[in-house]
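# Observations on chain architecture
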Amino acid sequence: MHLHDLTIKKFHEGLLNKEFSVLEIVQSFFKCIKDKDEEIGAYLTLNEEEAIKAAEKVDLAIAKNEEIDILAGVPLAIKDNILIENLPATAASKILKNYIASYDATVIKKLKKAGSVFLGKTNLDEFAMGSSNENSAFKIVHNPYDLKRVPGGSSGGSAAAVASHMAIAALGSDTGGSIRQPAHFCGVVGLKPTYGAVSRFGLMAMASSLDQIGPITKTAEDAALLFNQIKGIDPFDATSAKFDYAGDLLNPDLAKIKKLKIGLPKEYFEKGLDKNVSQGMEEAIKRLKTLGLKFKNISLPHTSYALSCYYIIMPAEVSTNLARFEGIRYSRINADRIRTNADNISVNQRSYQRKSALSEIYFRQRGQGFGQEAKRRIILGTFVLSAGYYDAYYSQAQKVRRLVKEDFDRAFDSSAGGVDVILTPVAPTSAFKINEKTSDPLAMYLSDILTIPVNLAGLPAISLPVKKYCLGGKELPVGFQLIGKHFQEADILGIGQYYERIED
Ligand code: GLN
């Protein structure tokens, strides 16, 4: 069995048929990572020793004829802003360079319970701020389809790892498009679940009202399997939700899927799309019609305000969430040294000097520990929340957020002949060149113009490759986005599962 051919489903069948052991596959993945990752840069940390132990455990269970979970032994890559106990969790920031996680995120606990294997932690834009992975403090990630291009961001490491067969599947996080946009750039599947569907406990908070963890996989079927395992209410996350899924996530019924009506919002097709993206959309629509799905033109009139609204709310939340990183906790600098300095000061000097010595430490550590983009957003966020500007910016943005959400509510309103699912491009272009947008933050922000409204509205959305792309081929991948109703992941995953069965 070639690593290229492995999906979660095929891996599980191969294990049951004794075609290979978990250990063999895990070792092949590490070999592949060692051969390839120098030029791609997808991983920040490898977890070889623990991965081998976890693999042996599953092999032993199989040898004893114990029943195993479908995710048992599956080699996964995890974005480095999600905590795995005893492994580094840097969020690709210098301020967390020496931080080792002291507990498992809820999603990790759930995957450990199923017996999944963690190959390592993947690269990202610092604290998940970015659209190209060029904001990582440690190294950039190269797109496996063209090494001169970016893999997208911020979950660029996870998407590149899956696309280049250095993991069967991965977890990413999506605040404004960070799962879907890299999936589109790298020719893989990326699911951003409904806000609240997956616990955020153990995900480093960036913009808490927008962040969600989700799967990056080779197929929609695998995305459904991973999502099914990680979803659900969690006492550690007050925003996580309990609900019954309408429809069957894992075995969608084609007769039901065919009845779904798909909306095409005109605002999303007016955004100066590159030719290959608009051709991709035509192709996707053509293929979906062969499944019998019906389309309707719709309008989401507040779409053009979503980006500005996001870049007020998002930095506001960033500025408060990142306040905890003062360079002393989470092990950036040697705490003993600081204590000794502080003790000396407290004995010898007056209290205001002590305070200023502490501020000095904060300024220095934050000044050196955060990269440019993190600083830009902290400053912007502090500004929009400050007295005198709060009403002019932050509270206005919250009102606009409601209007964006209400656009979707109207489009999905079944009592008014609304649609069930919305189809759009994922981004206006496919993967752009490394350094193409680094000097122009606004141009970079525009890459998320088509994914951000979904986060503002808390909806689920998936990015699916238009067709099967092959590494080493001439074509850059193009994905399309399907947006579903709240907690109706089954609809978008169901369409995805039938879509990928259509022959090229
Ligand atoms: N690219 C967007 C940003 O920079 C989205 C990031 C994300 O989804 N984590 O904020």
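Here's what I pulled together on the structure shown here.

Definitions and cut-offs
Residues numbered from 1 in each chain as written. Predicted model: local features only at pLDDT ≥ 70, side-chain atom pairs only at ≥ 80, totals over all residues. Heavy atoms only, no water. Helix = DSSP H or I, 4+ residues; strand = E, 2+ residues; numbered from the N terminus. Rg over C-alpha atoms; globule rule 2.2 N^0.38 Å. Buried < 20%, exposed > 50% of the residue type's maximum accessible area, 1.4 Å probe, protein only. Contact = heavy atoms within 4.5 Å. Areas by Shrake-Rupley, 256 points an atom, 1.4 Å probe, with all protein chains shown as cover. Lys, Arg positive; Asp, Glu negative; His and termini not counted. Charge placed at Lys NZ, Arg CZ, Asp CG, Glu CD. Pairing = 2+ DSSP bridges. Axes fitted to C-alpha atoms, helices over the stretch in contact; angles between N-to-C directions. Patch = residues over 30% accessible without salt bridge, like charges linked within 9 Å, V, L, I, M, F, W, Y side chains within 5 Å. Salt bridge = Lys/Arg side-chain N within 4 Å of Asp/Glu carboxyl O. Core = buried A, V, L, I, M, F, W, Y, C linked by side-chain atoms within 4.5 Å. Near = heavy atom within 4 Å. Polar contact = N/O pair within 3.5 Å; in protein donor to acceptor, adjacent residues only side chain to side chain.

### A look at the overall build of the chain
- Along the backbone of the chain there are 17 helices and eleven strands.
- Taking 23 Å as the expected radius of gyration for a compact globule of 504 residues, we find that the chain reaches 23 Å, a close match to that expectation.
- Projected onto the principal axes, the alpha-carbon positions of the chain cover approximately 80 × 60 × 45 Å.
- Of all 504 residues assigned to the chain, the portion counted as buried reaches 59%.
- Across the chain, contacts joining residues at least 24 apart in sequence account for 78% of those joining residues at least 6 apart.
- For the chain, the accessible surface area stands at approximately 20,600 Å², while carbon and sulfur atoms represent 52% of it.
- Charge separation in the chain, taken as the distance between the mean sites of 63 positive and 58 negative side-chain charges, equals 4 Å.

### Points about the sheet that holds strand β9 (residues 421-425)
- Judged by pairing direction, the sheet is mixed, and its eleven strands sit side by side in the order β1-β3-β2-β4-β6-β5-β10-β11-β9-β7-β8 without closing on themselves. Edge strands, defined here as strands with exactly one partner in the open sheet, are β1 (43-46) and β8 (294-298). Averaged over all adjacent pairs, the angle separating strand axes in this sheet is 25 degrees, with direction ignored.
- Across three bridges, β1 lies against strand β3 (residues 117-122) in antiparallel orientation. Bridge pairing in β3 links threonine 45 to lysine 121.
- Along the sheet face, helix α2 (residues 22-40) touches β1, β2 (75-79) and β3 and points at about 20 degrees away from the line of β3.

### Structural notes on a nonpolar patch on the surface
- The grouping of Phe383, Tyr389 and Tyr393 at the surface amounts to a nonpolar patch, some 270 Å² of accessible area in total.
- For tyrosine 393, the location among the structural elements is in helix α14 (residues 390-411).

### Notes on the environment of threonine 106
- Tracing the sequence through the fold places threonine 106 in helix α4 (residues 106-114).
- Along the chain, threonine 106 and histidine 12 lie 94 residues apart, while their C-alpha atoms are 23 Å from each other.
- Residues within four places of threonine 106 in sequence aside, it is in contact with Ser199, Phe201 and Asp234.

### Side note on the nonpolar core
- Counting 158 residues, the largest nonpolar core has Phe127, Leu288, Phe408, Leu423 and Phe480 as the members making the most contacts within it.
- With ten residues, the single largest contributor to this core is helix α10 (residues 303-321).
- Residues Val150, Ala431, Ile434 and Met444 belong to the second largest nonpolar core, which totals seven residues.

### Thoughts on the site of the ligand
- Among the 16 residues in the neighbourhood of the ligand, the closest are listed as Thr175, Gly176, Ser178, Tyr310 and Asp448.
- Threonine 175 is positioned with one of its backbone polar atoms (N or O) 2.7 Å from an oxygen atom of the ligand.
- Between glycine 177 and the ligand, the recorded distance is 3.3 Å, taken from a backbone N or O atom to an oxygen atom.
- Protein contacts shield 100% of the accessible area of the ligand, which totals 290 Å² for the unbound molecule.
- The leading source of residues in the shell around the ligand is α10, at three residues.

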